[in-house]
Amino acid sequence: MAITPLLPMTRTETSHGAIFENAPPHLLSDHATRFMISNLDLKNEMVVAEAGCGSGVLCIFAAKCGASKVYGTDIDEDALSCARENAKLNGAANIEFINGSLLEPVPGDLDAVIALLPHKPAPRAFSVRYYGGSDGSDLLLAVIRQSAEKLKLGGRLYLYLNSIANPAKVLDEFSRDFSVSMLAEKKRYFTVEEFDSLTPGMFDYLLAQKSKGEAEFHEDAQGLFFWARIYSGVTCLSGKRKSK
């Protein structure tokens, strides 16, 4: 669909210039996108893929960093339409947006993968923009496995991981085929009402997940918070998986 600019255009400042974004509110990039941008180290001539690209901001940033080719995937055709229009808006002609699940439609021999995916745990499925399975890890585990197949030796996966999404399980999987390091972390404050507005009973569910050791969150003088973390994983020869 063609995107009509009915809403004010947003502007995100980056180390490689401003990125302009036009999308309906539910597709707009947010603090997590900006956090990722501030921690990505992308070089000239890289081939980069973003799994779950939304409105395309991270793909556009990769193009601005000098990537020779960028792939962005999403299962939401409206998001892809927004992403294509935003790429035109920012003069990024080397991005290919593809309808498909995570990295499934993307060719191999990638230099870098970017993954900022829905991974909120909940007792039931709700919005595809947030839900990541019963413990939040479903999409994270899938993109880790696919990245191990699609990346070159020495390629890098940048993964955004909130501490409420069974981080021990996710990092255990990540470490099988990657040399993993944490690039950055910050507190992400939330309220009981915020989570329960997403789906009824979500906060009580998170309490149960925490008691099982599958979610990590805390409270300080400012309120409840979990950790938002960005990890970098470099593919290792001994662990690299092969496509079947």
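As a reminder, the structure under discussion sits directly above these lines.
First, a word on scope: everything that follows refers to the structure included in this document. (Residues numbered from 1 in each chain as written. Predicted model: local features only at pLDDT ≥ 70, side-chain atom pairs only at ≥ 80, totals over all residues. Heavy atoms only, no water.)

Positive phi is not limited to glycine here, since leucine 102 has a value of about 50 degrees. Examined against the element boundaries, leucine 102 turns out to sit in the loop between β5 (95-99) and β6 (110-115). Leucine 102 sits in the buried class, given a relative accessible area of 7%. Despite not being glycine, asparagine 166 has its phi angle at roughly 45 degrees, a positive value. Structurally, the position occupied by asparagine 166 is in the loop between β7 (151-162) and α5 (167-177). (Helix = DSSP H or I, 4+ residues; strand = E, 2+ residues; numbered from the N terminus. Buried < 20%, exposed > 50% of the residue type's maximum accessible area, 1.4 Å probe, protein only.)

In this section: the nonpolar core. Met36, Leu40, Leu42, Ile95, Phe97 and Tyr160 are the most contacted members of the largest nonpolar core, which totals 34 residues. Secondary-structure elements contributing two or more residues to this core are α1 (31-37), α2 (57-64), α3 (77-89), β5, β6, β7 and β10 (223-235). The greatest single-element share of this core, amounting to 7 residues, is contributed by α2. If sequence neighbours within four positions are ignored, tyrosine 160 has contacts with His31, Ala32, Phe35, Met36, Ala115, Leu116, His119, Leu140, Ala228, Arg229 and Ile230. Core analysis: the second largest hydrophobic core is formed by 26 residues, Val47, Leu117, Leu151 and Tyr231 among them. (Core = buried A, V, L, I, M, F, W, Y, C linked by side-chain atoms within 4.5 Å. Contact = heavy atoms within 4.5 Å.)

This brings us to the packing of aromatic side chains. In total, this model carries 11 aromatic pairs according to the counting rule given. With a centroid separation of 5.1 Å and an interplanar angle of 65 degrees, the aromatic rings of phenylalanine 174 and phenylalanine 178 are classed as edge-to-face. Accessibility expressed as a relative area gives 0% for phenylalanine 174, which makes it buried. One aromatic cluster is present, formed by Phe190, Phe195, Phe203, Phe217 and Phe226 through successive ring pairs. Above the face of the phenylalanine 225 ring, lysine 187 is positioned so that its terminal group lies 4.7 Å from the ring centre. One residue, lysine 210, lies across the ring of phenylalanine 217, its end atom 4.6 Å from the ring centre. (Phe/Tyr/Trp six-rings, centres within 6.5 Å; stacked < 30°, edge-to-face > 60°. Lys NZ or Arg CZ within 6 Å of the ring centre and 35° of its normal.)

What follows concerns the pattern of salt bridges. Inspection of every chain in the model, using the stated rule, returns 14 salt bridges. Taking the shortest distance from any N to any O, the salt bridge between glutamate 96 and lysine 69 comes out at 3.4 Å. Of this pair, glutamate 96 sits in strand β5 while lysine 69 sits in strand β4 (residues 69-74); the two residues are 27 residues apart in sequence, bridging distant segments of the chain. Relative accessible area serves as the criterion here: at 35%, glutamate 96 is assigned to the partly exposed category. Looking at lysine 69, the relative accessible area reads 26%, which means it is partly exposed. A salt bridge links aspartate 220 to lysine 187, with the shortest nitrogen-to-oxygen separation between them at 2.9 Å. Residue aspartate 220 is located in strand β9 (residues 218-220), and its partner lysine 187 is located in strand β8 (residues 178-190); the two are separated by 33 residues in the primary sequence. Look at lysine 187 and you get partly exposed, because its relative accessible area is 37%. Here the salt bridges do not stand alone but share partners, grouping Arg145, Glu173 and Arg176 into one network. (Salt bridge = Lys/Arg side-chain N within 4 Å of Asp/Glu carboxyl O.)

A few words now on the pairing of strand β3 (residues 47-51). Among the 5 residues that make up β3, 5 are buried, leaving the element largely enclosed by the rest of the structure. Side chains Val47, Ala49 and Ala51 project from β3 onto one buried face, and the interleaved Val48 and Glu50 project onto a second face that is buried too. What joins β3 to β4 is α2, and the crossover it makes is right-handed. Bridge count for β3 against β6 is 4 bridges, and the pairing is parallel. Each residue of the ladder has a partner; that of glutamate 50, found in β6, is isoleucine 114. (Right-handed = clockwise from strand over helix to strand, strands pointing away. Pairing = 2+ DSSP bridges.)

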